[in-house]
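Each chain, written out:
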Amino acid sequence: MMKFTRRALMALTAATIALPAYAADTITLRMSTPASETDQRSVALAEVFAPAVAGFATYEPHYNGSLIAQGSELEAIASGDLEMSIASAQELAQFFPEFSIFATGYVHQDAAHQVAVFNDPLMDSFKQTAEDELGVKLLSVMYLGRRHVNLRQTKDELTVMTPADLAGVNLRMPGTDAWQFLGKALGANPTPMSFTEVYTALQTGSVDGQDNPLPTVVDAKFYEVTNQIALTSHLVDLNYVAFSKTVWDGLSAEQQAQVQAAADAAAESGRNKQLQKEEDLVSFLKEQGLAVYEPDLKAFRTHVQGQYAGSELAASWPEGALDKINALGN
Ligand code: KDO
């Protein structure tokens, strides 16, 4: 995916910003995601968000990247071709590199930490930048889960205890700089690929593995075409409920409050279900014949953090932000 300069962004959003506000009863909220319909974030938006705004808006979800390809959703919102997405910090970092701090390995500690960070004043400037320069409001934080390394190799063929064990392993990571950096920081050879292509790539062996939380491994059936999961927990991953600022500005204050409450309720519901699934799925995956085991987490954490320290990505983080994030954790 291309990177955008801030000037190009202003031109992209100028057209949408100039549009008149929508009449409230005509609102259709198209949401595009690479995730499936059964992914817990999708379920939460359909079951919790949609009914809560049904009085004035029709929620229209598009799954499996069928409307907008993974990684192009924010641009689509900016240009008025989409109203909502489940956006990642990595995607936002394509526009605003400072968002890479939320995509950095071993920074967020757990789901509660993500919520504390999202609601802390330290997030204000990040949210404001996305709104002002991209026309995207970040309404709430959704929990995707702890990402782990999931490989085709059996544990007998390759046991992953430290980053050195991943040398030469072609690990599919989503196609943005922040993701690729994380793949390298893990010690692997990252291969960019969109989510919807991963199952086939694992099946045919064009990649050795992928990284995702356990609920995604099960929902996308990656367990059918892989043999092991090393529980690296290298990223406690999040998404934001991203919403068109143009549409938001056309809503009444009461409707805005309803949209905000609906997004928060959906995020909360999805988070609880995803956390439960993460707990339950280890035994399911073992029953499917996968080896699921914990590597040397200290070795991974030390190596990954060492790769970020002094990096170009870290140079884009606002001064003191990492300390503030850490202070909100345990
Ligand atoms: C993925 O492509 O591996 C990823 O997990 C990245 C996330 O940011 C998120 O977009 C997710 O895919 C999709 O929603 C599919 O679950």
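Calculation criteria
- One numbering rule holds for all chains: residues counted from 1, following each sequence as written.
- Two thresholds apply to this predicted model, a pLDDT of at least 70 for residue-level local features and 80 or more for giving and counting side-chain atom pairs, whereas whole-chain, interface and lining totals are computed over all residues.
- Side-chain figures throughout are based on the complete set of non-hydrogen atoms in the structure, without hydrogens or water.
- UniProt positions are given in the numbering used here, feature names are shortened, and annotations may be inferred rather than shown by experiment.
- Near residues are defined by distance, with any heavy atom within 4 Å of the molecule or strand qualifying the residue.
- Between N or O atoms, a polar contact is any pair within 3.5 Å; within protein, one atom must be a potential hydrogen donor and the other a potential acceptor, and residues adjacent in sequence are included only when both atoms are from side chains.
- In short, Shrake-Rupley with a 1.4 Å probe defines the accessible areas, and a residue's cover is counted only from the protein chains shown.
- Where a domain begins and ends is set by an automatic assignment or by a domain database.
- To define axes, lines are fitted to C-alpha atoms, for helices over the stretch in contact only, and angles between the resulting N-to-C directions are given on a 0 to 180 degree scale.
- By definition, any uninterrupted DSSP run of H or I lasting at least four residues is a helix, any uninterrupted run of E lasting at least two residues is a strand, and each is numbered from the N terminus.
- In these notes the angle categories are as follows: under 35 degrees is roughly parallel, over 145 is roughly antiparallel, 65 to 115 is roughly perpendicular, and the rest is oblique.
- Crossings are assigned a handedness: left-handed for a near helix turned anticlockwise from the far helix by less than a right angle, right-handed for a clockwise turn.
- Throughout, a residue-residue contact means that at least one pair of heavy atoms, one from each residue, lies within 4.5 Å.
- Note on residue classes: Ala, Val, Leu, Ile, Met, Phe, Trp, Tyr, Cys and Pro are nonpolar, Asp, Glu, Lys and Arg are charged, and everything else, Gly too, is polar.
- Paired rings are identified among Phe, Tyr and Trp, the last through its six-membered ring, by centres lying within 6.5 Å, and are further divided according to the angle between planes into stacked (under 30 degrees), edge-to-face (over 60) and tilted (the rest).
- Only protein chains enter the accessibility calculation, which uses a 1.4 Å probe; a residue whose area is less than 20% of its type maximum is buried, one above 50% is exposed, and one in between is partly exposed.
- Buried area: the sum, over both parts, of the accessible surface (1.4 Å probe) that disappears when the two are put together.

Looking at an unreviewed UniProt entry, the protein chain carries the name Sialic acid-binding periplasmic protein SiaP, with the source organism given as Roseobacter fucihabitans. In its Subcellular location (unreviewed entry) section, UniProt records this for the protein chain: "Periplasm".

Participant: How do you make sense of the site of the ligand when you look at a structure like this?
Facilitator: Every one of the 15 residues lining the ligand counts as a neighbour, but Arg-41, Gln-70, Arg-147, Arg-172 and Asn-212 are closest to it. One nitrogen or oxygen atom from the side chain of Arg-41 is found 2.8 Å from an oxygen atom belonging to the ligand. A distance of 2.9 Å separates an oxygen atom of the ligand from a polar side-chain atom of Gln-70. About the coverage of the ligand: the protein hides 99% of its 380 Å² of free accessible area. Three or more residues apiece are contributed to the shell around the ligand by two domains, here domain 1 (6-15 + 24-144 + 237-274) and domain 2 (147-235 + 279-327).

Participant: How do you make sense of the packing of helix H7 (residues 177-185) against helix H12 (residues 297-308) when you look at a structure like this?
Facilitator: Between two packed helices, both the angle of their axes relative to each other and the distance between the axes serve to describe the pair. Running from amino to carboxyl end, H7 crosses H12 at an angle of 135 degrees, the nearest separation of the two axes being 9 Å. The angle between the axes of H7 and H12 places the two elements in the oblique class. You can see that H7 and H12 cross each other, and the crossing is right-handed. Every residue of H12 that contacts H7 at Ala-178, Phe-181, Leu-182 and Ala-185 is listed here: His-303, Val-304, Gln-307 and Tyr-308. Residue composition of the contact of H7 with H12, by class: six nonpolar, two polar and no charged.

Participant: Help me out: how do you make sense of the packing of aromatic side chains in this one?
Facilitator: Ring pairs (aromatic) are described by centroid distance and by the angle formed between their planes. One pass over the full model with this rule turns up 13 aromatic pairs. Considering the side-chain rings of Phe-99 and Phe-126, the 5.2 Å spacing of their centres and the 80 degrees angle between planes classify their relative orientation as edge-to-face. In this pair, Phe-99 is assigned in the loop between helix H4 (89-95) and helix H5 (111-119) and Phe-126 in helix H6 (residues 124-134), connecting sequence segments 27 residues apart. Owing to a relative accessible area of 3%, Phe-126 belongs among the buried residues under this scheme. Ring centres 4.7 Å apart and planes at 45 degrees place the aromatic pair Phe-181 and Tyr-308 in the tilted group. Residue Phe-181 is located in helix H7, and its partner Tyr-308 is located in helix H12; the two are separated by 127 residues in the primary sequence. Using a relative accessible area of 24% as the deciding quantity, one classes Phe-181 as partly exposed. On the basis of relative accessible area, Tyr-308 is assigned to the buried category, the value being 3%. Each member of the aromatic cluster is reached from another via a ring pair, and the members are Phe-95, Phe-96, Phe-99, Phe-102, Phe-118, Phe-126 and Tyr-240.

Participant: Looking at this structure, how should I read the side chain of Gln-228?
Facilitator: When you line up the elements, Gln-228 lands in strand E8 (residues 228-244). One polar contact links the side chain of Gln-228 to the main-chain carbonyl oxygen of Gln-153, over a distance of 3.2 Å. A polar contact of 2.5 Å, which involves the side chain of Gln-228, links it to the side chain of Tyr-293.

Participant: Explain the domain arrangement of the protein chain here, please?
Facilitator: Bring the parts together and some accessible area is lost; that lost area is often taken as the interface size. Structurally, the protein chain comprises domain 1 (6-15 + 24-144 + 237-274) and domain 2 (147-235 + 279-327). A separation of 24 Å is found between the C-alpha centroids of domain 1 and domain 2. Taken together, the contact pairs 27 residues of domain 1 with 33 residues of domain 2. Taken together, both faces of the contact between domain 1 and domain 2 bury some 2,600 Å²; the carbon and sulfur share is 62%.

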